[in-house]
Amino acid sequence: MVKNIAIGTGRRKTAVARVFVREGSGKIVVNGKDAKEYFATEDQVKALVQPLLVTSNDSKFDIVINVTGGGMNGQSDACAHGISRALLQIDPDCRTSLKSNGFLTRDSRMVERKKYGQKGARRRFQFSKR
């Protein structure tokens, strides 16, 4: 049985990522697939790996991630947030580097709700004077 060293929860928009950090060689598995296979673009994979590169832990741990909700960009940011939180549990000394790069801050921007009598959150129906 494989033992988890740390567990972190990352969130972004409606995406929620559960991150499990284990001893290993730097393999990242997202929802049962390799990270490069799961995410569509290279930018999403880069955003995911960034906290590991900042703390120079890119080849020390294997990471298993379960992510649900949202789109691909939100999911990759949620994964990065979860990885940052998990790394903080392992080594509290890396807090300054993670904090200064903004990886510990949860991006609180959400989609604004649709209002009644309107087409969307801000968009109104076309006005007709007569």
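Above this text you will find the structure in question.
As a starting point, this report considers the structure included with it. These numbers were taken from a predicted model, which means no experiment stands behind them.

Structural notes on the overall build of the protein chain
Summing up its helical and strand segments, the protein chain has 4 helices and 5 strands in all. Reading the secondary structure of the protein chain in the N-to-C direction produces β-β-β-β-α-α-β-α-α. Overall size of the protein chain, expressed as C-alpha extent along the three principal axes, is 70 × 30 × 25 Å. Scored against the burial criterion, the 130 residues of the protein chain give a buried share of 35%. Counting contacts in the protein chain only where the partners sit at least 6 residues apart, residues at least 24 apart contribute 66% of the total. Of the charged side chains in the protein chain, 25 are positive and 12 negative, and the gap between their average positions amounts to 17 Å.

Describing the pattern of salt bridges
Taken as a whole, this structure holds 5 salt bridges when the rule is applied. A salt bridge links Asp77 to Arg12; its shortest N-O distance comes to 3.8 Å. Of this pair, Asp77 sits in helix 3 (residues 72–90) while Arg12 sits in strand 1 (residues 4–12); the two residues are 65 residues apart in sequence, bridging distant segments of the chain. Judged by relative accessible area, Arg12 falls into the buried class, the value being 10%.

Considerations on the nonpolar core
One finds Ile28, Val30, Leu48, Ile63, Ile65 and Ile83 to be the most contacted residues of the largest nonpolar core, which totals 27 residues. Broken down by element, the residue count for this core peaks at 5 residues, all from helix 3. For Ile83, the contacting residues outside a window of four places in its chain are Val19, Leu48, Pro51, Leu52, Ile63 and Ile65.

A few points about helix 3
For helix 3, built from 19 residues, the straight-helix expectation of 27 Å at 1.5 Å per residue is met to within 8% by its first-to-last C-alpha distance of 27 Å. Those residues of helix 3 lying buried are Gly74, Gln75, Ser76, Ala78, Cys79, Ala80, His81, Gly82, Ile83, Ser84, Ala86 and Leu87. Lining the buried residues of helix 3 we find strand 1, strand 2 (15–23), helix 1 (35–38), helix 2 (42–54), strand 5 (61–68) and helix 4 (95–100).

What counts and how
Residues numbered from 1 in each chain as written. Predicted model: local features only at pLDDT ≥ 70, side-chain atom pairs only at ≥ 80, totals over all residues. Heavy atoms only, no water. Helix = DSSP H or I, 4+ residues; strand = E, 2+ residues; numbered from the N terminus. Buried < 20%, exposed > 50% of the residue type's maximum accessible area, 1.4 Å probe, protein only. Contact = heavy atoms within 4.5 Å. Lys, Arg positive; Asp, Glu negative; His and termini not counted. Charge placed at Lys NZ, Arg CZ, Asp CG, Glu CD. Salt bridge = Lys/Arg side-chain N within 4 Å of Asp/Glu carboxyl O. Core = buried A, V, L, I, M, F, W, Y, C linked by side-chain atoms within 4.5 Å. Expected span 1.5 Å × (residues − 1).

Geometry only, nothing functional implied.
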